[in-house]
Amino acid sequence: MFKTEKDFGGYWVKNIKEFKGHEQEPLWQASVYKNGKKIGFFSEDSRGGPARLDCNTREQEKELMDFAREFLGEEAWAESYHTFLSKIAEETDYIKQVKKLCKNKILIQTPEEIYDYLENALPEGYVCQDCDEIITPESLADAYINKIGNFMDLAPVYTEDSDLICHKCYKKRQSEKR
Ligand SMILES: [Zn+2]
C-alpha cells in the first residue's frame, strides 16, 4: 500500500522539478508541505553543496529538521532533511507510476501474492463472477491511491479454479469452505 503524508508526519512534497547539476548529474527541487499547507521550498545544489531548505519561518525549518532526524533514526546523517524529503519524493514517483498503469490497466492480485499488484495486469475493467459488480481501472485506482472505500474489497483475485472474482467474494468463498 502507498505511504501518504500521514506516514511522514504530515510532510509532503509537490511540484517536483528535475534539473541538471554542473556535472550533468540529475537533481531535483520541490515545494514542501506540512498538513496540506505549503511551508517552504527544497532544492538540491547544482554545484554539489548542501541542499537548500527554505521554510516560511525558522520554527518550521527546525521542526522539519528535528522530525527528519527522529524519523530516520540510525539512518540520520548530516543532511537528514535531504534524505527524508527524498524518501517522500520517491513515494510520489511510485504513486505516479501506478496511476499511469491504472489508466488503461487494472492491477491484479493472486491468492498467493495479494500484494503483487504491479506484476500482473488486466487490460480493462472486470466483472466479478460472483457478485456481477463491474470494477473499472479508475475505481480501483481511486480506492487504491486515495484509500476511498476498501481497496481490498475491489481488488481482483484469480482463484485456483481460474475464476476472476473481487476480494470481497473471495473472502466469502474462503469462509464458506470452512
Ligand atoms: Zn464480487
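The model shown is predicted, which means the values in this text are computed figures rather than measured ones.

J.: Help me understand the environment of Arg69 in this model?
T.: Looking at where Arg69 falls in the secondary structure, it is placed in helix α1 (residues 58–72). Judged by the 16 C-beta atoms lying within 10 Å of it, Arg69 is partly exposed. Taking the C-alpha atoms as reference points, Arg69 and Glu79, separated by 10 residues in sequence, lie 8.9 Å from one another. The residues contacting Arg69, other than those within four sequence positions of it, are Ala76 and Ser80.

J.: Quick question: what am I supposed to make of the pairing of strand β3 (residues 37–43) here?
T.: Summarising the sheet, strand β2 (residues 26–34) and β3 pair through 6 bridges and their orientation is antiparallel. If you follow Lys34 over to β3, its bridge partner there is Lys37. Count of turn residues in the β2/β3 antiparallel hairpin: 2 residues, of which Asn35 carries a positive phi of about 50 degrees. The sheet contact formed by β3 and strand β4 (residues 52–55) spans 4 bridges and is antiparallel. Across the sheet, Gly40 pairs through a bridge with Cys55, a residue of β4.

J.: Just checking my understanding: could you explain unusual backbone geometry for this structure?
T.: Apart from glycine, the bulk of residues carry a negative phi angle, and the bulk of peptide bonds sit in the trans form. With a phi close to 65 degrees, Gln24 is a non-glycine residue in the positive phi region. Turning to its location among the elements, Gln24 is positioned in the loop between β1 (11–20) and β2. Given 7 C-beta atoms within 10 Å, Gln24 falls into the exposed group. A positive phi angle, close to 65 degrees, is found at Asp132, a residue other than glycine. Under the C-beta neighbour-count criterion, Asp132 is labelled exposed, with 9 such atoms within 10 Å.

Thresholds, definitions, all that
- Residues numbered from 1 in each chain as written.
- Predicted model: local features only at pLDDT ≥ 70, side-chain atom pairs only at ≥ 80, totals over all residues.
- Helix = DSSP H or I, 4+ residues; strand = E, 2+ residues; numbered from the N terminus.
- Buried ≥ 20, exposed ≤ 12 C-beta atoms within 10 Å, placed from the backbone.
- Contact = placed C-beta atoms within 7 Å.
- Pairing = 2+ DSSP bridges.

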